[in-house]
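Residues per chain are reported as follows:
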Amino acid sequence: MAIRVEHELHRRRRSRNWGLFAVLVAFVALVFGLTVVKVLSLDSIAQFQGYDHVIQPANLIPEPQAESAP
Amino acid sequence: MSDASLTTRLGPAAAPAGEGSFGDYFALLKPRVMSLVIFTALAGMIAAPGAMHPFVGFVALLCIAVGAGASGALNMWWDADIDRLMRRTRGRPVPSGRIGAGEALGLGVALSLFSVMMLGLAANWFAAGLLAFTIFFYAVVYTMWLKRRTPQNIVIGGLAGALPPLVAWVAATGSVAWAPLLMVALIFLWTPPHFWALALFVRGDYGRANVPMLTETHGDRATRNQIALYAVLLAPASLALALSAAGGWLTFGASILLTVLFGQAGWAVWRRDAAQAEGDGWAAEKRLFRLSLFYMAGHFAAVILDSLLGTGWGG
């Protein structure tokens, strides 16, 4: 017959497993949230590309031309 | 061998190392110390000029708290042998056998790296460097070098506990200023009388573990003199913080009130001896210890309120 009585050891293991699960979920949320905040705080996409990639001139937003006086 | 056969021979109290609950691992981080670190760091962050994104601020505070917890775990790893000898600490996870010393070391190193890296990425690398220095100072300079060698252990080691508001300020602004340095000075000068008041009424513990606490090496009278000296030194530090850019009307009021109360309690401890203290169950020493907690909380709560309510000198 299988042993069904739960030992203290199993309770500790379950607590440890759930705790680790919560820590990992919190870590994912932390990195995701930080990424969103950092990207949204950039002034233009060129800054984001320049952070870890080569800036692509084609994607740069052109500077607004000064309108000539009539 | 299955865990069923293993647990048949081992009772719950004798669970093998590595079989602690989640709460045991959390206890390694010294949550009560962490709460004080979070509170003083929050004050440093709120008093700092400039705007910081709330989420980045939250992550920075979390990193400072985790860094403090990591140094606590490293402290428990190194001090497991003397923790076993003291009544106050023998129930900790490592000396009680619920967690192995190696696990405490692993957790401490991993959380140290995590907290420093995350603070660097979230805020700036100057703050991350300061946090790394804080962890190093507590785990290596205080725990490994000073604690068992000199009665000045908690005086010098107190710097580690004093740095969190500066780390938080630097995380928010990227630079150092006088106001956070005065917060550091206040905690630094507060630490010795706080711990020596405790050491006066739990002194047998440190003697059993051969920790050269001032009460053990220089006796009761010298400890009382030193407490009085630091109570005097705290007064200008408290006033300077109240008059700094982080202060305001509330901090100024709290500084006056708490300095008077702390001075009275320090005076009461200084003017009597061990025989009188034993007579009333160390009442004055216990009062000074409790008041020291209130003293620190009161100053930093006032700094936070001055910033939030606009009663600070900067408006």
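Below is a summary of the structure that appears in this document. (Residues numbered from 1 in each chain as written. Chains lettered and ligands numbered in written order. Predicted model: local features only at pLDDT ≥ 70, side-chain atom pairs only at ≥ 80, totals over all residues. Heavy atoms only, no water.)

## Digging into helix α4 (residues 54–78) of chain B
Operational definition: Secondary structure elements follow DSSP: runs of H or I of four or more residues count as helices, runs of E of two or more count as strands, with numbering from the N terminus. Expected span, for any helix, means 1.5 Å times one less than how many residues it has. Buried means the residue's accessible area, taken with a 1.4 Å probe over protein chains only, is under 20% of the maximum for its type, while exposed means over 50%, and partly exposed covers the values in between.
For α4(B), which comprises 25 residues, the first-to-last C-alpha distance of 36 Å matches the rise-based estimate of 36 Å (1.5 Å per residue) to within 8%. Burial analysis of α4(B) places 19 of its 25 residues in the buried class, which makes it a mostly covered element.

## Quick look at the packing of helix α3 (residues 31–47) of chain B against α4(B)
The relative placement of two packed helices is expressed as an angle between their axes plus a distance between the axes. Residue and element names in this part refer to chain B. Counted only if it meets this: What counts as an axis is a line fitted to C-alpha atoms, over the stretch in contact for a helix, and the angles between N-to-C directions run from 0 to 180 degrees. Put simply, a crossing is left-handed when the front helix is turned counterclockwise from the back one by less than a right angle, and right-handed when it is turned clockwise. Contacts are assigned to residue pairs that have any heavy atoms within 4.5 Å of one another. Three classes are used, and their members are as follows: Ala, Val, Leu, Ile, Met, Phe, Trp, Tyr, Cys and Pro are nonpolar, Asp, Glu, Lys and Arg are charged, and the others, Gly among them, are polar.
Viewed as axis vectors pointing N to C, α3 and α4 meet at an angle of 145°, and their least axial separation amounts to 9 Å. Between α3 and α4 lies a crossing of right-handed hand. On α4, the residues touching Met34, Val37, Ile38, Ala41, Leu42 and Met45 of α3 are Gly57, Ala60, Leu61, Ile64, Ala65, Ala68 and Gly69. For the contact of α3 with α4, the class distribution of residues is 11 nonpolar, two polar and no charged.

## Focus: α3(B)
Residues and elements named next belong to chain B. Between the first and last C-alpha of α3 there are 24 Å, a value that for 17 residues agrees with the 24 Å anticipated at 1.5 Å per step. Those residues of α3 that fall on the buried side of the exposure criterion are Met34, Val37, Thr40, Ala41, Ala43, Gly44, Met45 and Ala47. Residues of α3 that are buried sit in contact with α4, α9 (164–173), α10 (178–201) and α16 (283–309).

## Some remarks on the interface of chain B and chain A
Going by this rule: Using a 1.4 Å probe, buried area is obtained as the accessible area two parts lose upon being combined, added over both of them. Only one rule defines a salt bridge in this text: a Lys or Arg side-chain nitrogen within 4 Å of an Asp or Glu carboxyl oxygen. Any pair of N or O atoms that falls within 3.5 Å is considered a polar contact. Within protein, one atom must be able to donate a hydrogen and the other to accept it, and sequence-neighbouring residues count only if both atoms are side-chain atoms.
Counting from both sides, the interface comprises 25 residues of chain B and, opposite them, 20 residues of chain A. Summed over both partners, the interface of chain B with chain A buries about 1900 Å², with 69% contributed by carbon and sulfur atoms. Joining chain B to chain A, the criterion identifies zero salt bridges. At the junction of chain B and chain A, the tally comes to four residue pairs in polar contact (both at pLDDT 80 or more). Elements with a contribution of two residues or more to the side of chain B that touches chain A: α1 (3–9), α2 (22–27), α4 and α6 (101–122) of chain B. In terms of residue count, α4(B) provides more of the side of chain B that touches chain A than any other element does, five residues in total. Of the residues in the side of chain B that touches chain A, the class split is 16 nonpolar, six polar and three charged.

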